[in-house]
Amino acid sequence: MELLGHYNYYIVVVLMMIGLYAVIARGNLVKKVIGLNIFQTSVFILFVSLGKISGASTPVWREGVELYSNPLPHVLILTAIVVGVATTAVALALAVRIREAYGSLDDDELGGPYDQDDPAE
Amino acid sequence: MVVAIAVVQVRDLFSAAMLFAIYSLLSAALFTVLDAGDVALTEAAVGAGISTILILAVLTLAPRHEKRHPGINWPAISVVVVTGACLLWAVSDLPAFGQPGNPVHTHVAPYYIEHAYKDLGVPNMVAAVLASYRSIDTFGEVIVIFTAGLGVFSLLSVRPTARKSNKPEDSE
Amino acid sequence: MRENGILRIIARFLIPLIMLFALYVQFHGDYSPGGGFQAGVLFAAAWILFVLIYGLESGLAVIPERAMFVLSAAGALLYGFIGLLGVLLGGRFLDFDPLLENPKAAQQAGIILVELGVGITVACVVMLIFTMFVRRRGELGQAWHPEEHD
């Protein structure tokens with residue numbers, strides 16, 4: 001049954017789209033970063049669910065266990081999570097600097113010209 | 001999924017951060033159900049801990065509420081719907097969930113599963129692959145996290161100058 | 001938050017527990033899920049909890065910032081050093097086999113050392129990033145109200 005075999009992936013795609021919407025549609029920079037994190041986490045769920053085998057166990061070697069889930073996606077996701085937090089940290093530091101320099105974190109207010117950079121009259 | 005929608009819709013950023021922590025914990029629970037112990041531990045520690053703390057730290061430096069945008073953002077919704085539809089159509093081509101005969105479980109994975117304990121004496125296969133078979137990638141990752149620390153340091157170690165709108169007289 | 005009794009008591013109980021758990025996860029990375037990254041993040045989270053309750057100065061008195069800088073670089077350098085040790089003793093970069101006589105023992109020793117390097121760097125970098133953010137808040141408070149801090 002194709003539908004039942006895939007509903008895991010469908011949910012992941014919906015989560016991805018929610019995160020993508022947060023990145024595109026919301027103007028606040030912090031909300032964008034949160035949306036990016038939601039997007040990343042949903043991609044991790046996709047990868048891990050690709051590696052799972054029904055009826056298998058965690059990929060730690062034990063006596064008497066025959067079938068293990070695939071350890072390779074886990075390795076990939078482990079690295080990806082850490083890189084994700086690194087990116088989030090730098091993005092938030094940038095947001096702090098933007099807030100100080102321009103006074104706001106919203107997209108609409110950051111776009112146009114303003115006179116804070118002109119020399120004082 | 002409900003939590004994710006709530007994170008996007010909520011305008012109070014503090015609540016968004018808390019909901020994001022709940023989302024991370026729920027996905028960590030999902031990872032545990034999917035037999036990924038290492039990933040669950042890391043996601044719970046990193047997502048619910050560090051990311052939330054950093055967002056809260058930024059919130060002490062920024063206004064707490066998001067601006068309200070009137071109306072529905074039609075271009076964004078259409079982009080999201082179109083991308084979602086394409087992805088859903090593509091994902092239907094994936095093999096069924098959880099079958100041992102999937103292509104992802106052939107090629108390299110059986111070699112690692114069979115030989116990790118025999119060659120290395122290390123039961124945890126994920127750590128074995130990370131630290132021994134694919135050691136250079138982990139080295140690169142350490143460099144990445146170190147570079148992130150450098151980046152944050154270089155961004156945030158400059159003393160903040162007073163904003164011109166705060167002072168009536170001009171500064172520099 | 002120093003005055004809040006409940007938080008203080010629970011923190012006093014939890015912080016050493018979390019640090020101990022971080023060490024456990026670090027050194028049992030071979031036998032159960034865990035390893036360098038998780039341990040580093042857990043240790044940093046324990047320190048962040050300490051700073052949240054007792055303030056940044058107390059946190060920096062426990063682990064000074066200079067030590068964080070040095071240790072974060074030292075962890076990555078330890079990783080690279082183990083790799084070069086493999087080269088010096090006759091193998092490839094990051095080859096663990098030439099380190100000891102028994103190849104299995106050599107692999108395990110190499111993995112433990114490498115994960116230790118990773119854990120140290122991750123912990124120190126996360127603590128450092130948190131310190132940067134928190135100190136920014138203090139500096140902003142000073143910069144925007146300079147008349148109060150003469």
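For every chain, the first residue of its written sequence is number 1, and the numbers climb from 1 along that sequence. Following the order in which they are written, the chains are lettered starting with A and the ligands numbered starting with 1. Totals for whole chains, interfaces and linings use all residues, but because this is a predicted model, local features are given only for residues with pLDDT of at least 70 and pairs of side-chain atoms are given and counted only at 80 or more.

A. Geometry of the overall build of chain B. The helix count covers DSSP runs of H or I at least four residues long, the strand count covers runs of E at least two residues long, and both are numbered beginning at the N terminus. Counting its secondary structure elements, chain B contains seven helices and zero strands. When the elements of chain B are put in sequence order from the N terminus, they spell out α-α-α-α-α-α-α. Each residue is classed by its C-beta neighbour count within 10 Å, where at least 20 other C-beta atoms makes it buried, 12 or fewer makes it exposed, and intermediate counts make it partly exposed; the C-beta atoms are placed from backbone geometry. Per-residue burial for chain B yields a buried fraction of 38% across its 172 residues. In this description, a residue-residue contact is defined by the distance between C-beta atoms placed from the backbone, which must lie within 7 Å. For chain B, the share of sequence-separated contacts (at least 6 apart) that also reach a separation of at least 24 residues comes to 32%.

B. Expanded view of the overall build of chain A. Tallying secondary structure elements over chain A gives four helices and zero strands in all. Its helices and strands taken in sequence order, chain A reads α-α-α-α from the N to the C terminus. The buried share of chain A, reckoned over its 121 residues, is 50%. Nonlocal contacts in chain A, meaning residues at least 24 apart in sequence, comprise 41% of its contacts between residues at least 6 apart.

C. Structural detail: helix 6 (residues 125-133) of chain B. With eight of nine residues buried, helix 6 of chain B is to be regarded as a mostly interior element. Listing the buried residues of helix 6 of chain B in full gives Met125, Val126, Ala127, Ala128, Val129, Leu130, Ala131 and Ser132 of chain B.

D. Region of interest: the environment of Leu49 of chain C. Residues and elements named next belong to chain C. Within the element layout of this structure, Leu49 appears in helix 2 (residues 36-54). In this structure the C-alpha to C-alpha distance between Leu49 and Ile18, which are 31 residues apart in sequence, comes to 9.9 Å. Setting aside residues up to four positions removed in sequence, Leu49 forms contacts with Ala11, Leu14 and Ile15.

E. Structural detail: the interface of chain B and chain A. Between chain B and chain A, the residue contacts involve 77 residues of the former and 74 residues of the latter. Looking at the side of chain B that touches chain A, the elements with two or more residues in it are helix 1 (2-9), helix 2 (13-33), helix 3 (37-59), helix 4 (74-91), helix 5 (109-120), helix 6 and helix 7 (135-156) of chain B. Among the elements that make up the side of chain B that touches chain A, the one with the highest residue count is helix 3 of chain B (twelve residues). Of the residues that constitute the side of chain B that touches chain A, the class distribution is 50 nonpolar, 16 polar and eleven charged. Three residue categories are used. Nonpolar comprises Ala, Val, Leu, Ile, Met, Phe, Trp, Tyr, Cys and Pro, charged comprises Asp, Glu, Lys and Arg, and polar comprises the others, including Gly.

F. Spotlight on the nonpolar core. In plain words, the nonpolar core is the set of buried Ala, Val, Leu, Ile, Met, Phe, Trp, Tyr and Cys residues that C-beta atoms within 7 Å link up. Counting 119 residues, the largest nonpolar core has Leu92 of chain A together with Val41 and Val126 of chain C as the members making the most contacts within it. The biggest single contributor to this core is helix 5 (residues 103-144) of chain C, with 17 residues. The contact partners of Leu92 of chain A, leaving out residues within four places of it in the chain, are Val33 of chain A together with Leu54, Ile55 and Val58 of chain B.

G. Broad picture of the environment of Pro71 of chain A. You can see Pro71 of chain A is positioned in helix 3 (residues 71-102). You can call Pro71 of chain A buried: it has 26 C-beta atoms within 10 Å. For the pair Pro71 of chain A and Val33 of chain A, spaced 38 residues apart in the sequence, the C-alpha separation amounts to 29 Å. The residues contacting Pro71 of chain A, other than those within four sequence positions of it, are Pro59 of chain A together with Tyr112, Ile113, Met125, Val126 and Val129 of chain B.

H. Layout of the packing of helix 3 of chain A against helix 6 of chain B. For helices, the fitted axis covers only the stretch in contact; all axes are lines through C-alpha atoms, and the angles between them, taken along N-to-C directions, range from 0 to 180 degrees. Where helix 3 of chain A contacts helix 6 of chain B, the axes come no closer than 9 Å and their chain directions differ by 60 degrees. In this view, helix 3 of chain A runs oblique relative to helix 6 of chain B, as classed from their interaxial angle. Considering how the two elements wind past one another, helix 3 of chain A and helix 6 of chain B form a crossing that is right-handed. Residues Pro71, Leu72, His74, Val75 and Leu78 of chain A of helix 3 of chain A touch helix 6 of chain B, and the partners they reach there are Met125, Val126, Val129 and Leu130 of chain B. For the contact of helix 3 of chain A with helix 6 of chain B, a count of residues per class yields eight nonpolar, one polar and no charged. An angle counts as roughly parallel when it lies under 35 degrees, as roughly antiparallel when it exceeds 145, as roughly perpendicular when it falls between 65 and 115, and as oblique in every other case. By definition, turning the near helix anticlockwise from the far helix through less than a right angle yields a left-handed crossing, and turning it clockwise yields a right-handed one.

I. Main features of the packing of helix 3 of chain A against helix 3 of chain B. Two elements in contact, helix 3 of chain A and helix 3 of chain B, have axes whose closest approach is 10 Å; the angle formed by their N-to-C orientations is 0 degrees. Comparing their axes, helix 3 of chain B and helix 3 of chain A come out roughly parallel. Contacts between helix 3 of chain A and helix 3 of chain B involve His74, Ile77, Leu78, Ile81, Val85, Thr88, Ala89, Leu92, Ala95 and Val96 of chain A from the first element and Asp38, Val39, Thr42, Glu43, Val46, Ile50, Ser51, Leu54, Ile55 and Val58 of chain B from the second. Considered class by class, the residues forming the contact of helix 3 of chain A with helix 3 of chain B number 14 nonpolar, four polar and two charged.

J. Spatial organisation of helix 5 of chain B. Residue and element names in this part refer to chain B. To estimate the expected span of a helix, count its residues, drop one, and scale the result by 1.5 Å. The end-to-end C-alpha distance of helix 5, which contains twelve residues, comes to 16 Å, matching closely the 16 Å that a straight helix rising 1.5 Å per residue would cover. For helix 5, the complete set of buried residues consists of Ala109, Tyr112, Ile113, Ala116 and Leu120. Considered in projection along helix 5, the buried side chains sweep an arc of 105 degrees and stay on one side of the axis. Across from the buried face of helix 5, at angles greater than 90 degrees, the exposed residues are Pro110, Tyr111, Glu114 and Lys118. Directly after helix 5, the chain includes Gly121, whose backbone phi takes a positive value near 75 degrees. Each C-beta atom gives one direction from the helix axis, and the arc is the one those directions make.

K. Fine view of the confidence of the model for chain A. Looking at chain A, pLDDT values average 75 and 79% of them are 70 or higher. Averaged pLDDT values over the elements of chain A bottom out at 63 in helix 4 (residues 107-111) of chain A and peak at 85 in helix 3 of chain A. Confidence of the predictor at the level of single residues is given by pLDDT, which spans 0 to 100.

L. Main features of the confidence of the model for chain B. Residues and elements named next belong to chain B. Confidence in the prediction for chain B averages 75 pLDDT; 74% of positions are at 70 or higher. The least confident element of chain B is helix 1, whose mean pLDDT is 66; the most confident is helix 7, at 88. Counted against residues more than four places away or in other chains, residues 164-172, with its pLDDT under 50, gives eight contacts. Two summary scores accompany this predicted model of the complex, namely pTM at 0.82 and ipTM at 0.82.

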